[in-house]
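Spelled out from the first residue to the last, the chains are:
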Amino acid sequence: MSSVIEIDKLHVTYRVGFFRKVVQAVRGISFAVEEGEIVGLIGPNGSGKTSTLKVLLGLVRATDGAARIRGIDSKQPKSRAELGFLPENPYVYPYLTPREFVDLCGRLSGLDAATREKRVPAVLERAGIAFAADRPVRRLSKGMLQRTGLAAALVAEPSLLVLDEPMSGLDPLGRREVRDLIFEEKRRGRTVLFSSHVLSDIEALCDRVVILRKGELVTQGTVRDLVKRSATLTELTLRNLPADARQEVIGTSTVLRELGEELVLEVSGDTPLATTMTKALAAGAKVTSAVPRKDSLEDLFVRNALHEDTPDAAKN
Ligand SMILES: Nc1ncnc2c1ncn2[C@@H]1O[C@H](COP(=O)(O)OP(=O)(O)OP(=O)(O)O)[C@@H](O)[C@H]1O
Ligand SMILES: [Mg+2]
């Protein structure tokens, strides 16, 4: 059986401005999303997340390669028969209320009046916007718009949800509610692909993550595997390190803090740790502590975002 989503050596190139300057937003990425999975797409601003999702939605054309939904090329509208989408900035007609907008979306998806009468209030409730369901949309806050967009994505009960930054603009409680809602969708057997900058949400929710940088796929896997695969970090505290030995001891480590005589370094990997400690001791410094730090997804993300070449870069 084919995957629910297949991104196959996808390239997206935009041409901008008078001189049709080429912007390569996506440069040959491949990954798949299987039935019932929650997959998170993460990466710094401009790394190509929205462009990738837009190809799935048929809003942007692949310059090369392809995106397929249940084996059907996303160029064909029928590939989206069972897809619910939340855009990055949901556009909701300003003169409608959330109730009217969600009802309209249900109608466009082919739901009959009786079904909409039941579903619309239920999804408004689930998305946490029922309390403002009858206010004109132009009076809603960003978070309230986001929730309206989410209700619209859910109204047809699609088996696949594609959500671009579903937690953006939400307060911590709202984020928690949306997180629970995504989990509940998974429990109902739905497949979810979403993009986010909020790493703790990705860590808590996803079966797998795909990390993009500058349009390329840096790495993918389960959160646990990615974190395990990345280097072990140690917080090393040194005292009385002579100034003339400083550069040599610090080497490629990161200076985390410096307080009086105390210098705290972040050292990556076991061999560099041994080398740094040996050099520090030889220079006459004291090693006051060496605390191993569990790498979080955030460390991995920041490292991937900052450095051009990561050892585990799996580009395809
Ligand atoms: N319509 C467009 N025309 C020209 N360039 C575009 C267009 N949309 C996106 N880009 C460019 O493509 C690159 C990738 O953008 P994209 O929106 O896919 O990134 P993103 O990962 O979703 O970023 P963010 O985290 O900020 O939402 C960026 O350099 C962006 O400027
Ligand atoms: Mg985006």
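Treat the numbers as computed from the prediction; the structure is a model and nothing was measured.

This paragraph deals with the overall build of the chain. Helix and strand content of the chain: 10 helices and 14 strands. For the chain, the spread of C-alpha atoms along the three principal axes comes to 80 × 45 × 45 Å. With 316 residues in all, the chain has 38% of them scored as buried. By sequence separation, contacts in the chain at least 24 residues apart represent 68% of the contacts at least 6 residues apart.

Here the focus is the packing of helix H2 (residues 98–108) against helix H3 (residues 113–126). For any two helices packed against each other, the geometry is given by the interaxial angle and the distance between the axes. Closest axis-to-axis distance for the H2/H3 pair is 10 Å, and the angle between their directions is 130°. Between H2 and H3, the angle is such that the two are oblique. Crossing geometry of H2 relative to H3 is assigned as right-handed. When H2 is examined against H3, the residues Pro-98, Arg-99, Val-102, Asp-103, Gly-106 and Arg-107 are found in contact with a partner set consisting of Arg-116, Arg-119, Val-120, Val-123 and Leu-124.

What the domain assignment lists for the chain is domain 1 (1–82 + 159–173 + 182–228), domain 2 (91–154) and domain 3 (231–294). The gap between the C-alpha centroids of domain 2 and domain 3 is 55 Å.

Relative to strand E4 (residues 64–69), strand E1 (residues 5–16) runs antiparallel, the two being bridged by 5 bridges. Bridging from a neighbouring strand, Glu-6 pairs with Arg-68 of E4. Pairing between E1 and strand E2 (residues 21–33): 10 bridges, direction antiparallel. Bridged to Glu-6 within E2 is Ala-32.

Looking now at the packing of H2 against helix H4 (residues 142–154). Taken N-terminus to C-terminus, the directions of H2 and H4 make an angle of 30°; their axes are 8 Å apart at the nearest point. As judged from the angle between their axes, H2 and H4 are roughly parallel. Helix-helix and strand crossings are classified by hand; for H2 and H4 the assignment is right-handed. For the pair formed by H2 and H4, the contact residues are Pro-98, Phe-101, Val-102 and Cys-105 on the first element and Thr-148, Ala-151 and Ala-152 on the second. Within the contact of H2 with H4, the residues separate by chemical class into 6 nonpolar, 1 polar and no charged.

Residues Val-102, Ala-151, Val-155 and Val-162 are the most contacted members of the largest nonpolar core, which totals 67 residues. Looking at this core, the element that brings in the most residues is H4, giving 7 residues. Viewed by domain, this core spans two of them, domain 1 (1–82 + 159–173 + 182–228) and domain 2 (91–154), each represented by three or more residues. In this view, Val-155 contacts Val-102, Cys-105, Gly-106, Ser-109, Arg-119, Val-120 and Val-123; residues no more than four positions away in its chain are not counted.

Before going further, it helps to examine the sheet that holds strand E6 (residues 83–86). The strand order across the open sheet formed by 6 strands is E6-E7-E8-E3-E9-E10, and the pairing between neighbours is mixed. Unpaired on one side and paired on the other, E6 and strand E10 (216–221) mark the two borders of the sheet. Mean inter-strand twist for the sheet, computed between neighbouring axes without regard to direction, equals 15°. Relative to strand E8 (residues 191–195), helix H5 (residues 172–187) is tilted by about 150°, and along the sheet it contacts strand E3 (38–42), strand E7 (160–164) and E8.

Time to look at the sheet that holds E2. Read across the open sheet, the 4 strands follow the order E2-E1-E4-E5; overall the sheet is antiparallel. Of all strands in the sheet, those bounded by a partner on one side alone are E2 and strand E5 (72–73). Lying over the sheet, helix H1 (residues 49–56) contacts E1, E2 and E4, oriented at roughly 110° with respect to E1.

As a structural note, the neighbourhood of ligand 1 is formed by 13 residues, with Tyr-14, Ala-25, Lys-49, Thr-50 and Ser-51 the closest of them. Of all elements in the fold, only E1, E2 and H1 reach the threshold of two or more residues within the shell around ligand 1. A per-element tally of the shell around ligand 1 places H1 first, with 3 residues. Looking at the shell around ligand 1 residue by residue, the class counts come to 4 nonpolar, 7 polar and 2 charged.

Among all positions of H2, only Pro-98, Phe-101, Val-102, Asp-103, Cys-105 and Gly-106 are buried. The secondary structure elements touched by the buried residues of H2 are H3 and H4. Note on H2: the residue one or two positions beyond its end, Gly-110, has a positive phi of about 90°.

Within the element layout of this structure, Glu-258 appears in strand E12 (residues 254–259). Taking the C-beta count within 10 Å as the criterion, Glu-258 has 11 such neighbours and is therefore assigned exposed. With 21 residues separating them along the chain, Glu-258 and Thr-237 place their C-alpha atoms 9.5 Å apart.

Criteria and thresholds
Residues numbered from 1 in each chain as written. Chains lettered and ligands numbered in written order. Predicted model: local features only at pLDDT ≥ 70, side-chain atom pairs only at ≥ 80, totals over all residues. Helix = DSSP H or I, 4+ residues; strand = E, 2+ residues; numbered from the N terminus. Buried ≥ 20, exposed ≤ 12 C-beta atoms within 10 Å, placed from the backbone. Contact = placed C-beta atoms within 7 Å. Axes fitted to C-alpha atoms, helices over the stretch in contact; angles between N-to-C directions. Parallel < 35°, antiparallel > 145°, perpendicular 65-115°, else oblique. Left-handed = near helix turned anticlockwise from the far one by under 90°. Domains from an automatic or database assignment. Pairing = 2+ DSSP bridges. Nonpolar A, V, L, I, M, F, W, Y, C, P; charged D, E, K, R; others polar. Core = buried A, V, L, I, M, F, W, Y, C linked by C-beta atoms within 7 Å. Near = placed C-beta within 6 Å.

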